[in-house]
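As a plain string of letters, each chain reads:
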Amino acid sequence: MAGRVFCNRTALVESMHQAGFDALIAVTPTNVTYTSSLDLYTQTLIPDRMVITLTNADGASHLVIWSGESDKVERDAQVASVSYYAEFGQSPVTTLVETLIQQGLQRGRIGVELRFFPVAAFQELIRLLPEAHVADCEEVFAEARMIKTADEIVLLHRMAWVMDRAAQLAAGLARPDETERVFAGRIVANLLTLMEEEVAGPDGIVAAGPNALVMHHLSDHRSIRRGEMLRYGAKCSVLGYWCIILRMAAMGEATPQQIDAYARFADIYQSTLELLKPGMRACDVYAACQRHVERHGMRLISEKVGHGTGLAFREPPILQPADQRVLQPNMVLAYDYLVLDQHGAPFHIEDRVLVTEKGPVILSDVADTRTLAILG
């Protein structure tokens, strides 16, 4: 990650100043990674081993972390300074407070992620900094992360392309009566081969027949029968950034009804995708999708039709009826929604889309999703 800029520090500092903060404290994997470039899976596995960043008003970040992670810190972290603590017997909050005092922030207005800060740790922070004013800053981080840096866009583009290609190659070998799990295993193997960076949590997604109705089904040992519709793709995290790509196909053969229904869904999906451009409100994109779905005699099941994505799998804006945020250049959106045809059959694909001044750019552009693929 050396040399790559994944944190939009200009936007973060501006958002911090607008909110009236002198510094921000991050404790979630999302915002710790954003401010330090350190993607640490043990932060999720062992949450009581706290990892904290302190970002001050000039945008510099300072890391507080268990000393056992020093090798990874030295290799990956992009921070102004690091303070280590011993895991047993030494409080990470005490170490954080020492850093705050060193920077003269003991009476400052400090932003913390209130929804996620452990209660005992927060109480300790307040006790040790009685003159500081502490308030929630979750929205400050969210606002900055919405607009991606050039390096973030390059990474998200490569992830989407690799995942789409991994699924495409696996689909080319699919045959009737093989199990979902076998198909999914090929997708994961391809993904791990094609992706250069460290991959966390890779899963192949294959949902056929009745399982296609289950929104977040991954795969099991059920055989995929000839003539069944299926959803397939992958999800994973790379350097802390999340991505899911989903495609649809019929196994072996498709009925005229399946082909027609998919064609109607694809027309809805492609035409509404063109709305993902600067100046459109999130709520208006949702409303337009709903109108298109109804016009084609289908039913929209999803309560949203997409959302921002990045270090947090779901980030603002959320393309749903109540979100009035305006789309801006360099947002990266997960675009997907579940639609049922008049017979109750599900249709669902998912892409990654970059918002640009010239219109939406599909980052997952390997597979042609305009017509129904026939596998086997």
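Here the structure is shown first, and the text comes after it.
Residues numbered from 1 in each chain as written. Predicted model: local features only at pLDDT ≥ 70, side-chain atom pairs only at ≥ 80, totals over all residues. Heavy atoms only, no water.

> Just give me the short version of unusual backbone geometry, but keep the residues and values in it.
Residue Pro316 is joined to Pro317 through a cis peptide bond whose omega torsion reads 0°. With respect to the helices and strands, the residue Pro317 is situated in strand E12 (residues 315-318). Positive phi values are uncommon outside glycine, yet Ser37 reaches one of about 65°. Positionally, Ser37 belongs in the loop between helix H2 (29-36) and helix H3 (42-45). Even without glycine at this site, Asp177 takes up a positive phi of about 80°. With respect to the element layout, Asp177 can be found in the loop between helix H8 (150-171) and helix H9 (180-194). With relative accessibility at 52%, the residue Asp177 sits in the exposed group. (Helix = DSSP H or I, 4+ residues; strand = E, 2+ residues; numbered from the N terminus. Buried < 20%, exposed > 50% of the residue type's maximum accessible area, 1.4 Å probe, protein only.)

> Would you mind going over the sheet that holds strand E10 (residues 299-300) in detail, with residue names and values included?
Sheet architecture is open: three strands sit in the order E10-E14-E15, paired in antiparallel fashion. The two strands at the open ends of the sheet, each matched to only one other strand, are E10 and strand E15 (346-347). Note that strand E14 (residues 339-340) and E15 share two bridges and pair antiparallel. By the bridge assignment, Val339 is partnered in E15 with Phe347. (Pairing = 2+ DSSP bridges.)

> How would you explain the nonpolar core if you had to name every residue and give the values?
The biggest cluster of nonpolar side chains holds 57 residues, and the ones touching the most others in it are Leu24, Met159, Phe183, Val206, Leu230, Tyr232 and Leu375. Other than its neighbours up to four places away in sequence, Leu230 contacts Phe183, Val206, Ala207, Ala208, Ile224, Arg247, Met248, Ala249, Ala250, Met251 and Leu375. Tyr269, Leu276, Met280 and Met298 belong to the second largest nonpolar core, which has 36 residues in total. (Core = buried A, V, L, I, M, F, W, Y, C linked by side-chain atoms within 4.5 Å. Contact = heavy atoms within 4.5 Å.)

> Explain the packing of helix H10 (residues 256-273) against helix H11 (residues 282-295) to me, using residue names and the numbers behind them.
Running from N to C, H10 and H11 cross one another at 155°; their axes reach a closest spacing of 10 Å. In terms of orientation, H10 and H11 fall into the roughly antiparallel class. The hand of the H10/H11 crossing is right-handed. Residues Ile268, Ser271 and Thr272 of H10 lie in contact with H11, whose contacting residues are Ala288, Cys289, His292 and Val293. For the contact of H10 with H11, a count of residues per class yields four nonpolar, three polar and no charged. (Axes fitted to C-alpha atoms, helices over the stretch in contact; angles between N-to-C directions. Parallel < 35°, antiparallel > 145°, perpendicular 65-115°, else oblique. Left-handed = near helix turned anticlockwise from the far one by under 90°. Nonpolar A, V, L, I, M, F, W, Y, C, P; charged D, E, K, R; others polar.)

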